[in-house]
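Each chain, letter by letter, is given below.
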Amino acid sequence: LQVNRLVRVTDQGMESYMVGPGFELFGKSGLGGRLQLKYNREDILETFDLSDEGQVPAGPYEYTGFEGMLFTPQSKPYFAIFMVEGGQYYDGSKFSVMARPTISISPSFQVTGTYYYGYVNFSDRNQVLNTHVANVKLLYMMNTRLSASVLVQFNSVTHDLIGNFRLRFNPSEGNDFYVVLNDNENAGGTDPYLTMPRYFNRAFILKYTYTFKL
């Protein structure tokens, strides 16, 4: 049994406060789960947009909810993580589910898929938000020094189609060289006042890290 507490404070005063009891259970096989109740207290200084269909006005808020998680043994070639969250959300309500299955096709090749669905309802303001986020990640470890991964993700709210490729070379402990390609495309998003670009962002990155030993 545990109690988590999170406080964020700025020069203008307290912005958020979260506290709640939690319960975790682990089996010898690796099967486990967690359940946590949450009490949130937030002072929103400025109105912010969750999407074009939903906004949270400035002001103080108090709301409660819960979060549950279940995970299967990760020692097997296939395992999964499931999460559910619900309860009050600012001046409305929220419900979300997430599933993340992983399959190890071989000791070197792993495939992970993630699907998230979120529902937010501000009934007093007649605002409803449905969110779908799905991604697939492929990881290939050629050896202990060289690995490559590919990630493709779609977000129904922002209409982003994101692609990421990363090649990592680790010749020795503390030395890493990365080759990264990022691609963020418009997958159907429209705006009546703007001409939306085909590509939001594209980047090619070379990164080298070296850890000094003192």
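Residues numbered from 1 in each chain as written. Predicted model: local features only at pLDDT ≥ 70, side-chain atom pairs only at ≥ 80, totals over all residues. Heavy atoms only, no water.

Before going further, it helps to examine the overall build of the chain. Scanning the chain from terminus to terminus reveals 0 helices and 14 strands. The order of α-helices and β-strands along the chain, N terminus first, is β-β-β-β-β-β-β-β-β-β-β-β-β-β. Buried residues in the chain amount to 30% of all 214 residues. Intrachain contacts of the chain at a sequence separation of at least 6 include 35% that bridge at least 24 residues. (Helix = DSSP H or I, 4+ residues; strand = E, 2+ residues; numbered from the N terminus. Buried < 20%, exposed > 50% of the residue type's maximum accessible area, 1.4 Å probe, protein only. Contact = heavy atoms within 4.5 Å.)

For the chain, mean pLDDT is 86; residues scoring 70 or higher make up 89% of the total. This stretch, residues 9–14, has a pLDDT under 50; its non-local contacts, to residues over four places away or in other chains, come to 6 contacts. (pLDDT = per-residue confidence, 0-100.)

Relative to the helices and strands, asparagine 184 resides in strand E13 (residues 175–186). Excluding anything up to four places from it in sequence, asparagine 184 contacts Asp160, Leu161, Ile162, Tyr199, Phe200 and Asn201.

If you check the backbone angles, tyrosine 90 has positive phi at about 55° while not being a glycine. If you trace the backbone, tyrosine 90 turns up in the loop between strand E7 (78–89) and strand E8 (92–104). Even without a glycine there, the phi angle at histidine 159 is positive, about 55°. The topology assignment puts histidine 159 in the loop between strand E11 (146–155) and strand E12 (160–172).

Right, let's talk about the nonpolar core for a bit. By size, the foremost hydrophobic cluster in this structure holds 9 residues: Ile44, Val56, Tyr61, Tyr63, Tyr89, Tyr90, Val120, Phe122 and Leu129. Other than its neighbours up to four places away in sequence, tyrosine 90 contacts Glu42, Ile44, Phe48, Val56, Tyr61, Tyr63 and Phe122. (Core = buried A, V, L, I, M, F, W, Y, C linked by side-chain atoms within 4.5 Å.)

Taken as a whole, this structure holds 9 aromatic pairs when the rule is applied. With centroids separated by 6.5 Å and ring planes inclined at 65°, the aromatic side chains of phenylalanine 109 and tyrosine 140 adopt a geometry described as edge-to-face. Here phenylalanine 109, found in strand E9 (residues 109–122), pairs with tyrosine 140, found in strand E10 (residues 127–141); they are 31 residues apart in sequence, far enough to count as distant. Classification of phenylalanine 109 by relative accessible area gives partly exposed; the value is 27%. The residue whose ring lies beneath arginine 125 is phenylalanine 122, and the NZ or CZ to ring-centre distance is 4.4 Å. (Phe/Tyr/Trp six-rings, centres within 6.5 Å; stacked < 30°, edge-to-face > 60°. Lys NZ or Arg CZ within 6 Å of the ring centre and 35° of its normal.)

So, about a nonpolar patch on the surface. Taken together, the side chains of Phe169, Phe177, Leu181, Phe204, Leu206, Tyr208, Tyr210, Phe212 and Leu214 make up a nonpolar region of the molecular surface, amounting to roughly 1100 Å² of accessible area. Of all the secondary-structure elements, those providing two or more residues to the nonpolar patch are E13 and strand E14 (199–210). The element contributing the most residues to the nonpolar patch is E14, with 4 residues. Tracing the backbone through its elements, the reader meets phenylalanine 212 in the segment after E14. (Patch = residues over 30% accessible without salt bridge, like charges linked within 9 Å, V, L, I, M, F, W, Y side chains within 5 Å. Areas by Shrake-Rupley, 256 points an atom, 1.4 Å probe, with all protein chains shown as cover. Salt bridge = Lys/Arg side-chain N within 4 Å of Asp/Glu carboxyl O.)

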